[in-house]
Amino acid sequence: MKVLIQQVRIISPSSPFNGKVTDILIENGIIRQIADHISAEGAQVITHPDLHCSIGWMDIFAQFDDPGFEHKETLVSGAAAAAAGGFTDVMLVPNTNPAVSSKIQVEYIRQKAASLPINLYPIGAITKNAEGKELAEMYDMHNSGAIAFSDGIQSLQSPGILLKALQYVLSIGATLLQVPNDKSISAHGLMNEGIMSTRLGLPGIPSIAEELMIARDIELLRYTGSRLHITGVTTQKGIELIAAAKKEGLQVSFSVTPYHAWFCDEDLVSYNTNLKVNPPLRKKEDMLAVRQAIANGTADCIASHHVPQHWDDKECEFEYARNGMIGLESFFGVANRYGAPLETLIEKLTVQPRELFRLEVPSLTAGTAASLTLFAPGEEYTFEKEMIRSTSFNTPFIGQKLKGRVIGIINKQQIVLNHFS
Amino acid sequence: MQLSTKHLLGIKDLSPKDISLILSTAQQFKEVLQRPVKKVPSLRDVTIVNLFYENSTRTRISFELAEKRLGADTINFAASASSVKKGETLLDTVNNILSMKVDMVVMRHSASGAPHFLAKHLPNTGIVNAGDGINEHPTQALLDAFSITEKTGGLEGKKILLIGDIMHSRVALSNIYLLNKMGAEVMLSGPPTLIPPYIKEAMGVQVEYDLKKALKWCDVANVLRIQLERQNQVLFSSLREYNLSYGVTKKLLQEVDKDIVIMHPGPINRGVEIDSDVADGNQSIILQQVENGVAVRMAALYLLAGTAN
């Protein structure tokens, strides 16, 4: 493997090359040289008029349904989707079947991932089978390589169990992740409760189902002194609550999804099941608050919340449709639209998630292993079905105009490039 | 004159003109129904499937009667007796229907938006929503409007009160849409847990928790059924307490002392939301509503068949 990336602008605040346009030569997965002009015979050359490069991007919340629901996504197809979206590192939610709640499942994912072009980090379930009842063997999973703990798309409901879990992981310094959703309030809801749900005759999920859980979890965090990441925050109030807790010095962080910034509940008028997600698309003001959190960098990370669903779980009555949308391939083209300075956005995709989950941050210097994402932030295009590498196609972004293309990734001595017509 | 739509999915999508057209056409069909021969051949050679995914007596019979009186060929499909129980998806059912060359589908479904799904996949088949989840029940609102007009002379400026379980009522939502479009004033009354929190802003209606005050305000009171089958959350304590606070009783009407028209979309829970002596009393037009239902549904089907051609 010998790759020459020509005239690429480096986005890496910690690198001396930050902002510079240079050539990069990679041989056998190692960055050999970074210089103004490099000539390398026999190298595969990558050029693009708007070529940019950063260290590899990391997603902290994606669902690959392997094992159990391989018809929706396998580790292989999920990795391909991630690579197409520019991600070299992905944290996987434990909601497989069986759920990732013992070291066997953690090891299965790590072994399967070894040959893939991206790094996969299993998030272990907090509770056995992610059922919210008894603590899972988190120490054992941690020792086997679980990066963090969460019941994933099943938010942990019991404050008593969450409290114990937050205390339990103190000894291993692990972080818990929560999707804020109090099910006793959201119960039978199908979309955000508000003017739109009233007009559409759909049962609503009030914002307070999210806000109350955030407030509660912050109190539990204060009591335990542990670490918590709240992901999929969709409300202005929720963002404010977390910002206040952070200011106070609590070890809390949060992420938003690109799609909660793009859509709001008003987009549900035609009962589009691809917009049925959990947490739901909120009202316009909340959508704007999520955009703001991306634009000004309040959000610690941006998470894909990539949740594949089989087509017949979406081609059906809205009420029966399953929650979620895929989000890896369209991620950058969506997240890049909200006016965040490129450096800030890339920071959220590279340094911040790794620091939060205590991974080593790869560096963009000669002599180190290449973990790179190549992208063209200024390029506008229409997102098409052909760009999807996931096994599932449940996304409302097909046909939407996006800005910011991913050219490819170089990671683990492999190179994956997107080919466009 | 034609409707502006090929499907009747909800009152939401109708213009005031459409509504007036359906109501005036219904008037003509009501006259037909008074004749010794109550049948017209308007929909001869039109095949209509009544696709009922949810139990219904009055609506299904009313539609079937309307279809037969228009000379249509009808097929009834009830979920419990069908392959739905074997796990067939709505999309598969739709494709089967399509293969059988059906012209119109009347559908009732427990999921809001199900007829919209059907319309998306069957753009050339006329879809009539006979009630979807807690969303809409457009022909009920139309027959209610027809009955109010018949009894009081019109809708404009009339004060209409909807009482009870607004939250789970597709009748309420369709009625509100229709009455708003036709210039009537709408007030809602019921326990706060059964009134959607955003209804005032979303629909421009008034809310009055005090039933007696609300009754004093209105010209017409439409008493909604407590949807016992939809009470999957704790929304009020007991039927007894409901009747004591929001049941429409003879005594309450005497205290209000106003000539209010009493309506109910049925089926009635006697002794819960309405007492028998009110339901059967001389202020009630509940049975006229049922009668008018056939004429209104004839009008809707007839006009939709007209737009489809």
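This one's a predicted model, so the numbers in the text were calculated from it and none came from an experiment. (Residues numbered from 1 in each chain as written. Chains lettered and ligands numbered in written order. Predicted model: local features only at pLDDT ≥ 70, side-chain atom pairs only at ≥ 80, totals over all residues. Heavy atoms only, no water.)

Scanning chain A from terminus to terminus reveals 13 helices and 18 strands. In terms of overall size, chain A behaves like a compact globule, its C-alpha atoms giving a radius of gyration of 21 Å where 421 residues would be expected to give roughly 22 Å. A buried classification covers 60% of the 421 residues belonging to chain A. Across chain A, every contact between residues at least 6 apart in sequence was considered, and the portion connecting residues at least 24 apart equals 75%. Entry remark: accessible area of chain A is about 15200 Å², with carbon and sulfur atoms responsible for 50%. Measuring between centres, the 36 positive side-chain charges of chain A sit 2 Å from its 45 negative side-chain charges. (Helix = DSSP H or I, 4+ residues; strand = E, 2+ residues; numbered from the N terminus. Rg over C-alpha atoms; globule rule 2.2 N^0.38 Å. Buried < 20%, exposed > 50% of the residue type's maximum accessible area, 1.4 Å probe, protein only. Contact = heavy atoms within 4.5 Å. Areas by Shrake-Rupley, 256 points an atom, 1.4 Å probe, with all protein chains shown as cover. Lys, Arg positive; Asp, Glu negative; His and termini not counted. Charge placed at Lys NZ, Arg CZ, Asp CG, Glu CD.)

Take the side chain of A:Ser150 next. All names here are of chain A. Topologically, Ser150 is positioned in strand β9 (residues 148-150). Reaching out from Ser150, the side chain makes a polar contact with the backbone nitrogen of Gly152 at a distance of 2.7 Å. With near-sequence residues (within four places) excluded, Ser150 lies in contact with Pro94, Ile123, Gly124, Ala125, Ile126 and Leu177. (Polar contact = N/O pair within 3.5 Å; in protein donor to acceptor, adjacent residues only side chain to side chain.)

Here we take up the sheet that holds strand β1 (residues 47-52) of chain B. Residue and element names in this part refer to chain B. Taking strand neighbours across the sheet as the criterion, the four strands line up as β2-β1-β3-β4 in an open arrangement whose pairing is parallel. Of all the strands in the sheet, the pair left with one neighbour each is β2 (73-78) and β4 (126-132). Each neighbouring strand pair of the sheet contributes to a mean axis angle of 15°, computed without reference to strand direction. Contacts between helix α2 (residues 58-69) and the sheet are confined to β1, β2, β3 (104-109) and β4, with β1 contributing the most and set at about 180° to the helix. (Pairing = 2+ DSSP bridges. Axes fitted to C-alpha atoms, helices over the stretch in contact; angles between N-to-C directions.)

All names here are of chain A. If you check the domain split of chain A, you get domain 1 (2-53 + 365-417) and domain 2 (57-180 + 214-356). Contacts between the two partners involve 36 residues from domain 1, matched on the other side by 50 residues from domain 2. Carbon and sulfur atoms make up 59% of the surface buried where domain 1 meets domain 2, a total of about 3200 Å² over both sides. Ranking the residues of domain 1 by area buried against domain 2 places Asn394, Phe397 and Lys412 at the top, with a combined share of 20%. The interface formed by domain 1 and domain 2 contains zero salt bridges. The tally of links from domain 1 across to domain 2 stands at 25 residue pairs in polar contact (both at pLDDT 80 or more). Secondary-structure elements contributing two or more residues to the side of domain 1 that touches domain 2 are β16 (372-382), β17 (401-411) and β18 (414-417). Counting residues per element, the side of domain 1 that touches domain 2 draws most heavily on β17, which supplies nine residues. (Domains from an automatic or database assignment. Buried area = accessible area lost by both parts, 1.4 Å probe. Salt bridge = Lys/Arg side-chain N within 4 Å of Asp/Glu carboxyl O.)

All right, on to the sheet that holds β9(A) then. All names here are of chain A. Here we have eight strands laid out as an open sheet, ordered β6-β7-β8-β9-β10-β13-β14-β15, and parallel in their pairing. A single partner strand is all that each edge strand has here, and the edge strands are β6 (57-62) and β15 (301-302). Two elements, β6 and strand β7 (residues 87-92), share four bridges in a ladder whose sense is parallel. Of the residues in β7, the one forming a bridge with Met58 is Asp89. Along the sheet, helix α2 (residues 103-113) makes contact with β7 and β8 (119-124), crossing β8 at roughly 175°.

All names here are of chain B. Of note, Val171 is situated in helix α6 (residues 170-181). Overall, the relative accessible area of 9% leaves Val171 in the buried class. Here the alpha-carbon distance between Val171 and Met100, two residues 71 residues apart in the chain, equals 32 Å. The contacts of Val171, once residues within four sequence positions are left out, are His137, Gln140, Asp144, Leu224 and Pro265.

Every contact between the two is made by 26 residues of chain B and, on the other side, 19 residues of chain A. Both faces considered, chain B and chain A share a buried interface measuring about 1800 Å² in area, 59% of it formed by carbon and sulfur atoms. For the interface between chain B and chain A, the tally reads zero salt bridges. Connecting chain B to chain A are eight residue pairs in polar contact (both at pLDDT 80 or more). When contributions to the side of chain B that touches chain A are tallied by element, the ones reaching two or more residues are α3 (90-99), α4 (114-121), α6 and α7 (199-203) of chain B. Here the element with the most residues in the side of chain B that touches chain A is α4(B); it accounts for five residues.

Let us look at the pairing of β4(B). Residue and element names in this part refer to chain B. Burial analysis of β4 places seven of its seven residues in the buried class, which makes it a mostly covered element. Strand direction decides the pairing type here: β3 and β4, joined by five bridges, are parallel. The residue of β4 that forms the bridge with Val105 is Ile127. Between β3 and its parallel partner β4, the chain crosses via α4, and the hand of that crossover is right-handed. (Right-handed = clockwise from strand over helix to strand, strands pointing away.)

Residues and elements named next belong to chain A. If you walk through the whole model with that rule in mind, you get 14 aromatic pairs over all chains. Taking the centre distance of 4.8 Å and the plane angle of 45° together, the rings of Trp57 and Phe332 count as tilted. In this pair, Trp57 sits in strand β6 while Phe332 sits in helix α11 (residues 331-335), placing the two residues 275 residues apart along the sequence. Overall, the relative accessible area of 0% leaves Trp57 in the buried class. Owing to a relative accessible area of 1%, Phe332 belongs among the buried residues under this scheme. Both rings, one in Trp262 and one in Phe263, keep their centres 6.4 Å apart while their planes meet at 55°; by these two values the pair is tilted. With respect to burial, Trp262 and Phe263 carry one shared label: buried. By way of ring pairs, the aromatic residues Trp57, Phe87, Phe331, Phe332 and Phe375 are connected into one cluster. (Phe/Tyr/Trp six-rings, centres within 6.5 Å; stacked < 30°, edge-to-face > 60°.)

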